[in-house]
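Listed below, chain by chain, are the residues.
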Amino acid sequence: MDDVLGTTMAVWAHPDDETYLSGGVLAALRDAGERAVCVTATYGEAWDPSADEATRELLARTREAELADALGELGVDEHHWLGHPDGRCAEVELDVPVAQLRALLEEVRPATVLTFGPEGFTGHPDHRAVSRWVELAVGERTDVRVLHAVMTPEDHAAGAAVDERFGVYELGEPRLVPREELDLRLELEGSLLRRKVAALRHQWSQTGPIFEALGDEAFARWVAVESFAEVSR
C-alpha cells in the first residue's frame, strides 16, 4: 500500500475522525516506513453542547491527550492542529484554513491526502467544511492525489444496526461507491485491527459508551474496513 499512497497527509475535523476513518491505513503506512502526517482542524471541545467555557477547555485538553495516545498506538509521530472552533468550522473565513493547509502541503509534500468528501461522510458541518478547505488548498496541483473516505453499499448495510443505534448518520449519509470503483480498500485483521481498536479505546471520552454497549469483538467488526475513492467523477 505504501507504494500506492506514498507520503500521506490525513486531514480531519475532530480527534477520533483520523482513527475511525483511516487508522488502519495510517498504521500500515508507518509499518512500511512511509511518512504519515495527521492534521486535525479542531480540539473537539464542543461535543457536549451544554458545557460552559471552562468545561470546554477541559474537554479540549482531554481530547488532545487522547489523540496523542491514539496516534502513538498507530505509530504516527507527525501531527498538526489547525486550532479552529469545534462546531463552527463553516463560519471560519476560508482564507485562514486554506493558507494553513497550503503551507502544510508545501512542507510535507504528500503524494496522497486522505480526507472527507463534500458530503462530510456523516454530514457533520465541520466535516464538510474541512473537505472544502482541502479542495481549495490542493487546487490545481497535479502532484497530490486526494482520496475521500467512502463506503460500499454492502459495508454500509453491514453496519446499519450499529449506525442507527448510535445515530452515526443523523446529519447525512456517506458517499456509497461500488467495491470495484474504490481506489483503496483495507480490510483490517490481526495486529492492524487490534491497534486501531486500541487507538479508539484511548479516545474513551468519545468511544467509551460504544465500547461498553457493543463489547470489543463487535466494536472491532464495526470498524474493520476502511475505504477511499477519488473525487466523484
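Everything quoted here is computed from the prediction, not taken from an experiment.

Asks: Can you walk me through the overall build of the protein chain in this structure?
Replies: When helices and strands are counted, the protein chain shows 10 helices and seven strands. Oriented by its inertia axes, the alpha-carbon framework of the protein chain measures out at about 45 × 45 × 30 Å. The burial tally for the protein chain puts 52% of its 233 residues in the buried class. Carbon and sulfur atoms provide 49% of the accessible area of the protein chain, an area that totals close to 10,700 Å². A distance of 2 Å separates the average location of the 22 positive side-chain charges in the protein chain from that of its 45 negative side-chain charges.

Asks: Looking at this structure, how should I read the packing of helix 2 (residues 17-31) against helix 3 (residues 53-74)?
Replies: Each packed pair of helices is defined by two parameters, the angle between the axes and the distance between the axes. For the pair helix 2 and helix 3, interaxial distance at closest approach is 8 Å and the crossing angle is 40°. In terms of axis orientation, helix 2 runs oblique to helix 3. Residues E18, T19, G23, L26, A27 and R30 of helix 2 form the contact with helix 3, whose own contacting residues are L67, A70, L71 and L74. The residue makeup of the contact of helix 2 with helix 3, split by class, is six nonpolar, two polar and two charged.

Asks: Can you help me understand the packing of aromatic side chains in this one?
Replies: Describing an aromatic ring pair means giving the distance of the ring centres and the angle of the ring planes. Following the criterion strictly, the structure yields eight aromatic pairs and no others. Seen in terms of ring centroids, W12 and F116 are 4.8 Å apart; in terms of plane orientation they differ by 85°. Their pairing is edge-to-face. In this pair, W12 is assigned in strand 1 (residues 8-12) and F116 in the loop between strand 4 (112-115) and helix 5 (125-138), connecting sequence segments 104 residues apart. Residue W12 is classed as buried on the basis of its relative accessible area, which comes to 0%. Ring centres 3.9 Å apart and planes at 15° place the aromatic pair F211 and F219 in the stacked group. Note on accessibility: F211 and F219 belong to one class, buried. What links up through ring pairs into an aromatic cluster is the set Y20, W204, F211, F219 and W222. Here the basic side chain of R61 rests over the ring of Y43, its NZ or CZ set 4.9 Å away from the ring centre. We note R201 situated over the ring of F211; from NZ or CZ to the ring centre the distance is 4.4 Å.

Asks: What am I meant to see in the pattern of salt bridges here?
Replies: Note that side chains of opposite charge can pair when their charged atoms are close. Counted according to the given criterion, the structure contains 18 salt bridges. For the salt bridge of R195 with D31, the shortest nitrogen-to-oxygen distance reads 2.7 Å. Highlighted residues: R195 in helix 8 (residues 190-202) and D31 in helix 2, separated in sequence by 164 residues. Under the relative-accessibility criterion, R195 is labelled buried at 17%. For E135, the salt bridge identified is with R132, shortest N-O distance 3.0 Å. Taken together, the positions of E135 and R132, both in helix 5 and three residues apart, correspond to about one turn of that helix.

Asks: Would you take a moment to explain the environment of A158 for this structure?
Replies: Tracing the backbone through its elements, the reader meets A158 in helix 6 (residues 153-158). For the pair A158 and W222, spaced 64 residues apart in the sequence, the C-alpha separation amounts to 8.3 Å.

Asks: Teacher, can you tell me more about the nonpolar core here?
Replies: One broad rule of soluble globular proteins: the nonpolar side chains tend to lie buried together. Judged by nonpolar contacts, the single largest core of 63 residues is most densely connected at M9, L101 and W133. In contact with M9, other than residues within four places in its own chain, are V37, V39, L104, L105, V108, P110, T112, V113 and L114.

Asks: Can you help me understand the sheet that holds strand 4 in this one?
Replies: Think of a sheet as strands paired side by side through backbone hydrogen bonds, with each pair either parallel or antiparallel. Taken in spatial order, the seven strands line up as 3-2-1-4-5-7-6 in an open sheet, and their pairing is mixed. Of all the strands in the sheet, just strand 3 (78-81) and strand 6 (184-187) have a single pairing partner and so form its edges. Here the strands of the sheet are splayed against their neighbours by 20° on average, with no regard to which way each runs. Here strand 2 (residues 36-40) pairs with strand 3 via four bridges, running parallel. Note on strand 3: the bridge partner recorded for V37 is E78.

Asks: Before we go on, may I ask you to explain helix 5 in this structure?
Replies: An α-helical segment advances 3.6 residues per turn. Residues three or four places apart therefore align on the same side. Taking 1.5 Å of rise per residue, 14 residues should cover 20 Å, and helix 5 covers 20 Å from first to last C-alpha, within 8% of that figure. Taken residue by residue, helix 5 has D126, H127, A129, V130, S131, W133, V134, A137 and V138 as its buried positions. Tucked into the core, helix 5 has its buried residues touching strand 1, helix 2, helix 4 (95-108), strand 4 and strand 5 (145-150). G139 sits one or two residues past helix 5 and shows a positive phi near 55°.

Here is what the cut-offs are and how they apply
- Residues numbered from 1 in each chain as written.
- Predicted model: local features only at pLDDT ≥ 70, side-chain atom pairs only at ≥ 80, totals over all residues.
- Heavy atoms only, no water.
- Helix = DSSP H or I, 4+ residues; strand = E, 2+ residues; numbered from the N terminus.
- Buried < 20%, exposed > 50% of the residue type's maximum accessible area, 1.4 Å probe, protein only.
- Areas by Shrake-Rupley, 256 points an atom, 1.4 Å probe, with all protein chains shown as cover.
- Lys, Arg positive; Asp, Glu negative; His and termini not counted.
- Charge placed at Lys NZ, Arg CZ, Asp CG, Glu CD.
- Axes fitted to C-alpha atoms, helices over the stretch in contact; angles between N-to-C directions.
- Parallel < 35°, antiparallel > 145°, perpendicular 65-115°, else oblique.
- Contact = heavy atoms within 4.5 Å.
- Nonpolar A, V, L, I, M, F, W, Y, C, P; charged D, E, K, R; others polar.
- Phe/Tyr/Trp six-rings, centres within 6.5 Å; stacked < 30°, edge-to-face > 60°.
- Lys NZ or Arg CZ within 6 Å of the ring centre and 35° of its normal.
- Salt bridge = Lys/Arg side-chain N within 4 Å of Asp/Glu carboxyl O.
- Core = buried A, V, L, I, M, F, W, Y, C linked by side-chain atoms within 4.5 Å.
- Pairing = 2+ DSSP bridges.
- Expected span 1.5 Å × (residues − 1).

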